Amino acid sequence: MDILILSLALSADAFGAALALGMRRIGLWKIIVISFTVGLMHVIMPLISMTAGNELQEIFGRALFSAGGVILVLTGLQMVLSLLKDESNVKQPAGIGIVFFSLGVSMDSFSTGLSLGVIGVDQMAAVLCFGLSSAIFTMTGLMLSRRIGALAGKAGEAAGGAVLMFIGIKWLLSL
């Protein structure tokens, strides 16, 4: 039960970021790809950290959390700045951008994995629950904002970008 509650909490950031990102009116196939990638990163990141344990926390813990914050701030800034661009110039997230977005929203699962690795939970059950809930929350956020984005237009996208920047700055200030 604790793992389920923890996976829902970890998925909340992915949901919020997906709401913001979805203001770009992303197509259904890309929603599926982004959701799958976020879910996959929520499996890979805690699995790595559970396996490596406390040594990784000392070496990479803060740097990875900082990187996640920076990625979210930059993604949000790009969305806010899109107000100044012609609609035809606004790019959809693709390729490495999807991977960076997924990494950004899964950094909290990395640090959570470090803690869970120390207390000895069932790794496979935990990471599969993290991945599945994050993928579902991401898809829900993207689909919901896809509908909202059609109504809100560029102002909605800028607001979504501001939310991403806020989340990223909050992460950076919590260090």
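Residues numbered from 1 in each chain as written. Predicted model: local features only at pLDDT ≥ 70, side-chain atom pairs only at ≥ 80, totals over all residues. Heavy atoms only, no water.

### Quick look at the overall build of the protein chain
The number of helices and strands found in the protein chain is 5 helices and 0 strands. Each helix (α) and strand (β) of the protein chain, taken in turn from the N terminus, gives the series α-α-α-α-α. Across the 175 residues of the protein chain, 46% fall into the buried class. A sequence separation of at least 24 residues applies to 97% of the contacts in the protein chain between residues at least 6 apart. Taken as a whole, the protein chain presents about 8600 Å² of accessible surface, with 73% of it coming from carbon and sulfur. (Helix = DSSP H or I, 4+ residues; strand = E, 2+ residues; numbered from the N terminus. Buried < 20%, exposed > 50% of the residue type's maximum accessible area, 1.4 Å probe, protein only. Contact = heavy atoms within 4.5 Å. Areas by Shrake-Rupley, 256 points an atom, 1.4 Å probe, with all protein chains shown as cover.)

### Focus on the nonpolar core
Note that soluble globular proteins tend to have their nonpolar side chains buried in a common cluster. Counting 12 residues, the largest nonpolar core consists of Ala14, Ala17, Ala18, Leu21, Ile26, Ile31, Ile34, Val38, Ile98, Phe101, Val105 and Leu142. Secondary-structure elements contributing two or more residues to this core are α1 (2-21), α2 (28-52) and α4 (96-119). Ranked by the residues each element gives to this core, the list is headed by α1, at 4 residues. Counting residues in each nonpolar core, the second largest holds 6 residues, with Leu10, Val43, Met50 and Val127 among its members. (Core = buried A, V, L, I, M, F, W, Y, C linked by side-chain atoms within 4.5 Å.)

### Focus on a nonpolar patch on the surface
A cluster of nonpolar side chains, contributed by Leu28, Trp29, Ile32, Met139 and Met143, occupies part of the molecular surface with about 480 Å² of accessible area. Every element with two or more residues in the nonpolar patch is listed here: α2 and α5 (123-173). A per-element tally of the nonpolar patch places α2 first, with 3 residues. (Patch = residues over 30% accessible without salt bridge, like charges linked within 9 Å, V, L, I, M, F, W, Y side chains within 5 Å. Salt bridge = Lys/Arg side-chain N within 4 Å of Asp/Glu carboxyl O.)

### Considerations on the side chain of Ser7
Examined against the element boundaries, Ser7 turns out to sit in helix α1. Relative accessible area serves as the criterion here: at 0%, Ser7 is assigned to the buried category. In this structure the side chain of Ser7 is engaged in a polar contact, spanning 3.0 Å, whose partner is the backbone oxygen of Leu4. (Polar contact = N/O pair within 3.5 Å; in protein donor to acceptor, adjacent residues only side chain to side chain.)

### Topic: the environment of Val33
Following the sequence through the fold, Val33 ends up in helix α2. Owing to a relative accessible area of 27%, Val33 belongs among the partly exposed residues under this scheme. Along the chain, Val33 and Gly95 lie 62 residues apart, while their C-alpha atoms are 9.9 Å from each other.

### Some details on the packing of aromatic side chains
Enumeration over the complete set of coordinates arrives at 1 aromatic pair. Measuring from centroid to centroid gives 6.2 Å for Phe15 and Phe137, while their planes differ by 80°, and the two rings are edge-to-face. Taken together, the residues span a long stretch of sequence, with Phe15 in helix α1 and Phe137 in helix α5 at a distance of 122 residues. Of the residues examined, Phe137 reaches a relative accessible area of 25% and is grouped as partly exposed. (Phe/Tyr/Trp six-rings, centres within 6.5 Å; stacked < 30°, edge-to-face > 60°.)

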